[in-house]
Amino acid sequence: MAKYKKKRIRELQHDRFRDTTMMLFERLGDRLEGKGHAILYSIGGILLIGIIAGVWVMWSNKKNDEARQALGRGITIATAPVATVSMDSSSPSFATTIERAQSAIQEFEKVAAKYGDPYRSEAQYFIATNLLDVDRKKGVAQLAELSNSKVSAIGTLAKFALAQAKEADQNYAEAAQLYGELANLNDVVVTPETANLRLALVYGKQGKTNEAADLLYSIVEASRKARDADGLPRTPSGAAREAARELQKLNPNRYEQLPPEPPGRGMVF
C-alpha cells in the first residue's frame, strides 16, 4: 500500500508538470498565432530545456546532500569510541575495533552502491581503511587499487594510507617508495612536508640515520626560511614542528646548525 501511494504521488507530480508545460505552450501559441510554428517551437524548446535544467539542479543538490549525510553516518561510526560501556547513549560505541570497523564498512558500502563519484570513491576509501582492522590483506589490496583512482584526492589519500600500512607492517622499502612518490606529487592533500617527514622516519627505522637527518634538516630549514606574500615569516606547519623535534632527538649537532627561528613566530616546541 505504501509503495502504491509513493508511485501515485510521482504520477500526480508528473501530470502537474505536463499540465503546466502544456498551458505555457497554449499561451505562447495564442500570442504568436500566425507568426509561424518555427518561432513557437524554438521558444518552447528553450522553455522546456530551462524547466528540465531546473529540475535536474534541484534533484542533484538533494542527492549530494543525501550522499554527504550518508558518508557522515559512516564516519561517525568509524570514529566512535571503543569501550565496553557506552558513556553517551546518543553516540555509538563498540566493544572492539573489529566490531566498529565492520559496522562502518556496512554504512560505507551503502554509499558506494547508491551514489556516484566523488562519494563512491570516498566510501571505497573508507571501506579499505576499515578493512585493515578486519581483513588486512584485502584492505591493503583495495588501497593499492584506489591509489590509482581518477578522483585525485582519493588516489593521494589511498597511497598515503597504503604507505602507513606498509610502514606498520615493517615493509620499510615499499613504504619509503610510496612516501617518496607522494612527496614528488606536491599535493595539498598530503603535502611534501608531511610525506618527507614520514619518509625520514622510515629512514630512521631502516638505520639510515644520515639520510633521515638530512631530510629532517631540509624540512625545518625550508620552513624557517619561508615567507608569505608580505615578506613575513610563515607559521610552521605541524609536520615542520615535528621534523624539528625528531631532528633534535636524532642528531642534536645537526639541529644546532639550523637557521634560527624567525622572530615573532614563537618557539617550535
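Residues numbered from 1 in each chain as written. Predicted model: local features only at pLDDT ≥ 70, side-chain atom pairs only at ≥ 80, totals over all residues. Heavy atoms only, no water.

Right, let's get into the overall build of the chain. A count of helices and strands for the chain gives eleven helices and zero strands. Across the 269 residues in the chain, those meeting the buried criterion constitute 33%. Within the chain, residue pairs in contact and separated by at least 24 positions form 50% of the contacts whose partners lie at least 6 positions apart. (Helix = DSSP H or I, 4+ residues; strand = E, 2+ residues; numbered from the N terminus. Buried < 20%, exposed > 50% of the residue type's maximum accessible area, 1.4 Å probe, protein only. Contact = heavy atoms within 4.5 Å.)

The subject of this paragraph is the side chain of Asp 187. Locating Asp 187 in the fold gives a position in the loop between α7 (172-185) and α8 (192-205). In this structure, Asp 187 is buried with no salt-bridge partner, the nearest side chain bearing the opposite charge being Lys 159 at 9.7 Å. Engagement of the side chain of Asp 187 in a polar contact is seen with the side chain of Thr 156, the distance being 2.9 Å. If we ignore the near neighbours within four places in the chain, the residues touching Asp 187 are Ser 152, Thr 156 and Pro 192. (Lys, Arg positive; Asp, Glu negative; His and termini not counted. Salt bridge = Lys/Arg side-chain N within 4 Å of Asp/Glu carboxyl O. Polar contact = N/O pair within 3.5 Å; in protein donor to acceptor, adjacent residues only side chain to side chain.)

What follows covers helix α3 (residues 97-114). For α3, which comprises 18 residues, the first-to-last C-alpha distance of 26 Å matches the rise-based estimate of 26 Å (1.5 Å per residue) to within 8%. For α3, the full list of buried residues reads Arg 100, Ala 101, Ala 104, Ile 105, Glu 107, Phe 108, Val 111 and Ala 112. (Expected span 1.5 Å × (residues − 1).)

Looking now at the packing of aromatic side chains. Where two aromatic rings form a pair, the distance of their centres and the angle of their planes describe that pair. Applying the stated criterion across every chain yields a total of three aromatic pairs. What links up through ring pairs into an aromatic cluster is the set Phe 108, Tyr 125 and Phe 126. Arg 254 extends its terminal NZ or CZ atom over the ring of Tyr 217, reaching a point 4.3 Å from the ring centre. (Phe/Tyr/Trp six-rings, centres within 6.5 Å; stacked < 30°, edge-to-face > 60°. Lys NZ or Arg CZ within 6 Å of the ring centre and 35° of its normal.)

As a further point, take the pattern of salt bridges. Enumeration according to the criterion identifies eleven salt bridges in this entry. Notably, a salt bridge pairs Lys 159 with Glu 181, separated by 3.0 Å at the nearest N-O pair. With Lys 159 in helix α6 (residues 152-168) and Glu 181 in helix α7, this residue pair connects regions lying 22 residues apart in the sequence. Of the residues examined, Lys 159 reaches a relative accessible area of 17% and is grouped as buried.

With that settled, the discussion passes to unusual backbone geometry. The linkage connecting Asp 117 with the following residue, Pro 118, adopts the cis geometry, with an omega of 10 degrees. When you line up the elements, Pro 118 lands in the loop between α3 and α4 (119-134). Even without glycine at this site, Gln 170 takes up a positive phi of about 65 degrees. Mapped onto the fold, Gln 170 is located in the loop between α6 and α7.

Packing of α6 against α7 brings their axes to within 8 Å, and their N-to-C directions diverge by 155 degrees. By the angle between their axes, α6 is roughly antiparallel relative to α7. The hand of the α6/α7 crossing is left-handed. Across from Thr 156, Lys 159, Phe 160, Leu 162, Ala 163, Gln 164, Lys 166 and Glu 167 in α6, the residues of α7 making contact are Tyr 172, Glu 174, Ala 175, Leu 178, Tyr 179, Glu 181, Leu 182 and Leu 185. Class assignment for the residues of the contact of α6 with α7 results in nine nonpolar, two polar and five charged. (Axes fitted to C-alpha atoms, helices over the stretch in contact; angles between N-to-C directions. Parallel < 35°, antiparallel > 145°, perpendicular 65-115°, else oblique. Left-handed = near helix turned anticlockwise from the far one by under 90°. Nonpolar A, V, L, I, M, F, W, Y, C, P; charged D, E, K, R; others polar.)

With that settled, the discussion passes to the side chain of Arg 100. Positionally, Arg 100 belongs in helix α3. As a buried residue without a salt bridge, Arg 100 has its nearest oppositely charged side chain in Asp 133, at a separation of 5.1 Å. For Arg 100, the residues in contact, after removing those within four places along its chain, are Ile 77, Ala 78, Thr 79, Ala 80, Val 82 and Phe 94.

With that settled, consider the confidence of the model for the chain. On average, residues of the chain carry a pLDDT of 81, and 73% of them reach 70 or more. Across residues 1-25, where pLDDT falls below 50, the model places six contacts with residues more than four positions away in sequence or in other chains. Here residues 31-37 is a poorly scored stretch, pLDDT under 50, and it has three contacts once near neighbours within four places are set aside; other chains count. (pLDDT = per-residue confidence, 0-100.)

Residues Tyr 125, Leu 143, Tyr 179, Leu 197 and Leu 247 are the most contacted members of the largest nonpolar core, which totals 40 residues. Of all the elements in the fold, those that place two or more residues in this core are α4, α5 (136-146), α6, α7, α8, α9 (209-225) and α10 (238-250). When residues in this core are grouped by element, the largest group, seven residues, is from α6. Among residues more than four places away in sequence, those in contact with Leu 197 are Leu 216, Ile 219, Ala 239, Glu 242 and Ala 243. (Core = buried A, V, L, I, M, F, W, Y, C linked by side-chain atoms within 4.5 Å.)

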